[in-house]
Amino acid sequence: MSLALPFQTAKQLAAAVRKKKIGCLELLDLYLKRVEAYNPELNAIIATDIEGARKRAKAADRAIKAGKKLGPLHGVPMTIKESFDVAGLPTTWGDPAFKDTVATQNSLVTQRMMDAGVTLFGKTNVPLNLADWQSYNEVYGSTNNPWDLGRTPGGSSGGSGAALAAGLTGIEAGSDIGASIRNPAHYCGVWGHKPSWGVVSPKGHALAGAVAYGDIGVVGPLARGAEDLEIALTAMAGPDAIDGRGWTLTLPRSKKTTLRDFKVAVLLTDPNAEVDDSVQEQISKLASFLAKNKVKVSDKARPEIDTVELNDVYIRLLRAATSGRMSDAVHEQAVKDAASLPADDMSYFAQMQRGNSLSHRAWLGLNEKRHRMRLAWDAFFQDYDLMLCPVAVTAAFPHDQAGLRHKRTIVVNNKQVPVVDQIFWAGYSGVTWLPSTAAPIGQSKEGLPIGVQIIGRQYGDYECIQFAKLLEKEYRGFVPPPAYS
């Protein structure tokens, strides 16, 4: 049974436009009516340009009538994560200090998606400085999960995931340094792709005029279907104007056409971040399904990496990469904390402060370890195509905005554990720059979405997405949240 129009994929929406089953303006207005009806309780979309969007939709309709060449996403209404610059709209990263900062030009991802034909009409919510698996801030307030308004939609691309799941937009783009694409996809029951580092230029995804491209972090698509990820990645990938003078991107396309063409390893949990049984159960069910369908599945194969060391390297490089966002006073406190903490304190707080105050010499040592891990992953991918593992340790958890993030807890297998421990699953692929696709595979007993993380070799982005496309076709497609369908 085909889904109702608002829940169809961007590819399906674009096909309906090309076949003149619906006009671009008519399609935009359909989504705007849903935004008017449902967004007040979700607070996913926090800034709009309705007048500009309607002008663009009318121009898109004229292009069809004139028989002009159309982009792959022609007429598809789109919102984008607040952290991307969109000319005429604010870019705050949820920080009140920047609430009046209006972008004067589009980010590269924004422009490339518009060049692909989307009708951009708004921006979606984020946490302060994109630094949480919840999406709330003093500028825009809190975003709720459409599966349960009392729970987080994830972060930092939380508004993106919620808007897609609730059928308020056609396609989205987010960013990911700590699972910020993958986590909302998992919590909201949609698809997200964290590209290989460097594949998509982050130009215009920055705060306060910063122009340097950071370590680990990437930008990429979220969608209601895996094929949309492929279309959007193709549209947005490639170097910026300066790098493009010297190199071009040619990502290898997958040659696999069936699930049984793949050889995969499956990882259910890790001592660094114990995974709730509800998540492990869904990934185990998937593994059984794959095995029954003649996919070569191993629950033992792993890259030869000490995951304790991986987690240590990731957290310190992650915090070093984001330390530039800190004020001088906060940085000075991090230096003091790092100097006073015992060497054997491996808590998240200790590692965070060590990363926030990292010397360049120490960074170089960690970077050397990181590159050795890259080689270990590459050796693993000589024998296996993909690693399947959790995105996060639980399904979406209840809102918890009290106190400091690293002091908050969640319940995993009936135990209270630090919410930040699950950063391990972000770094498992992120620290070594590997591509990861998050795809929905089931639900918890509470009816909350659960996804799987599909990790591939560096630059094997289309291989990850191809596997997700086959899962969507043969295992589980998009399911709308009941209250919005």
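Small disclaimer: the values here were computed from a predicted structure and weren't measured. (Residues numbered from 1 in each chain as written. Predicted model: local features only at pLDDT ≥ 70, side-chain atom pairs only at ≥ 80, totals over all residues. Heavy atoms only, no water.)

Side note on the overall build of the chain
On a plain count of helices and strands, the chain comes out with 14 helices and 15 strands. Of all intrachain contacts in the chain linking residues separated by at least 6 positions in sequence, the fraction that spans at least 24 positions is 76%. For the chain, the exposed area adds up to about 19,600 Å²; of that, 51% sits on carbon and sulfur atoms. Of the side chains in the chain, 55 bear a positive and 50 a negative charge, and the two mean positions are spaced by 7 Å. (Helix = DSSP H or I, 4+ residues; strand = E, 2+ residues; numbered from the N terminus. Contact = heavy atoms within 4.5 Å. Areas by Shrake-Rupley, 256 points an atom, 1.4 Å probe, with all protein chains shown as cover. Lys, Arg positive; Asp, Glu negative; His and termini not counted. Charge placed at Lys NZ, Arg CZ, Asp CG, Glu CD.)

Focus: the pattern of salt bridges
Considering all chains together, one arrives at 19 salt bridges under this definition. Note that D132 is salt-bridged to R408, the shortest N-O span being 3.1 Å. Within this pair, whereas D132 is found in the loop between strand 3 (119-124) and strand 4 (136-137), its partner R408 is found in the loop between strand 11 (386-389) and strand 12 (409-412), the two being separated by 276 residues in sequence. Here D132 and R408 have matching classes, each one buried. Residue K369 pairs with E309 through a salt bridge whose shortest N-O separation is 3.7 Å. Of this pair, K369 sits in helix 12 (residues 360-380) while E309 sits in helix 9 (residues 307-322), placing them 60 residues apart in sequence. Owing to a relative accessible area of 31%, K369 belongs among the partly exposed residues under this scheme. Since its relative accessible area comes to 30%, E309 is described here as partly exposed. Among the ionic contacts, a cluster of salt bridges with common partners joins E230, R253 and K469. (Salt bridge = Lys/Arg side-chain N within 4 Å of Asp/Glu carboxyl O. Buried < 20%, exposed > 50% of the residue type's maximum accessible area, 1.4 Å probe, protein only.)

Section: the packing of helix 9 against helix 13 (residues 423-430)
Packing of helix 9 against helix 13 leaves a shortest axis separation of 9 Å and a crossing angle of 90 degrees. Relative to helix 13, the element helix 9 is oriented roughly perpendicular. Along its contact with helix 9, which presents T307, L310, N311, Y314, I315 and L318, the element helix 13 presents I423, F424, A426, G427 and Y428. Residues of the contact of helix 9 with helix 13, tallied by class, amount to eight nonpolar, three polar and no charged. (Axes fitted to C-alpha atoms, helices over the stretch in contact; angles between N-to-C directions. Parallel < 35°, antiparallel > 145°, perpendicular 65-115°, else oblique. Nonpolar A, V, L, I, M, F, W, Y, C, P; charged D, E, K, R; others polar.)

What about the environment of T9?
Considering the arrangement of structural elements, one finds T9 in the segment before helix 1 (10-18). What makes T9 buried here is its relative accessible area of 14%. Each C-alpha atom of the pair T9 and P239 lies 27 Å from the other, and the pair is 230 residues apart in sequence.

Let's talk about the packing of aromatic side chains
Aromatic ring pairs are reported here in terms of the distance separating the ring centres and the angle at which the planes meet. All chains considered together, the criterion is met by 14 aromatic pairs. Measuring from ring centre to ring centre gives 5.0 Å for Y38 and Y484, while their planes differ by 70 degrees; the resulting arrangement is edge-to-face. Taken together, the residues span a long stretch of sequence, with Y38 in helix 2 (residues 24-42) and Y484 in the segment after helix 14 (461-474) at a distance of 446 residues. A relative accessible area of 23% means that Y38 is categorised as partly exposed. Taking the relative accessible area as the measure of exposure, Y484 reaches 1% and is therefore buried. (Phe/Tyr/Trp six-rings, centres within 6.5 Å; stacked < 30°, edge-to-face > 60°.)

Section: the sheet that holds strand 2 (residues 77-81)
Pairing is mixed across the open sheet formed by three strands, whose spatial order is 1-3-2. The strands lining the two open edges of the sheet, one partner per strand, are strand 1 (45-48) and strand 2. Sheet twist, expressed as the mean angle between neighbouring strand axes with direction ignored, is 40 degrees. Sheet topology places strand 2 next to strand 3; five bridges connect them, and they run parallel. Bridge pairing in strand 3 links T79 to G122. Sheet strands in contact with helix 2 are strand 1, strand 2 and strand 3, and its direction is about 20 degrees off that of strand 3. Against the sheet, helix 5 (residues 158-165) engages strand 1, strand 2 and strand 3, with an angle of about 125 degrees to strand 3. (Pairing = 2+ DSSP bridges.)

Quick notes on helix 5
Among the eight residues that make up helix 5, eight are buried, leaving the element largely enclosed by the rest of the structure. Within helix 5, the full set of buried residues consists of G158, G159, S160, G161, A162, A163, L164 and A165. G167 occupies a position one or two residues after helix 5 and carries a positive phi of about 70 degrees.

Looking at the side chain of S83
One can find S83 in the loop between strand 2 and helix 4 (108-115). For S83, a relative accessible area of 0% corresponds to the buried category. Of the polar contacts made by the side chain of S83, one reaches the side chain of H205; its length is 2.8 Å. Filtering out sequence-adjacent residues up to four positions away, S83 remains in contact with T91, W93, L130, S175, G204, H205 and A206. (Polar contact = N/O pair within 3.5 Å; in protein donor to acceptor, adjacent residues only side chain to side chain.)

Let's talk about the environment of E41
Its place among the elements puts E41 in helix 2. Once the C-alpha coordinates of E41 and G204 are considered, the two residues, 163 residues apart in sequence, prove to be 30 Å apart. A polar contact of 2.7 Å, which involves the side chain of E41, links it to the side chain of Y484.

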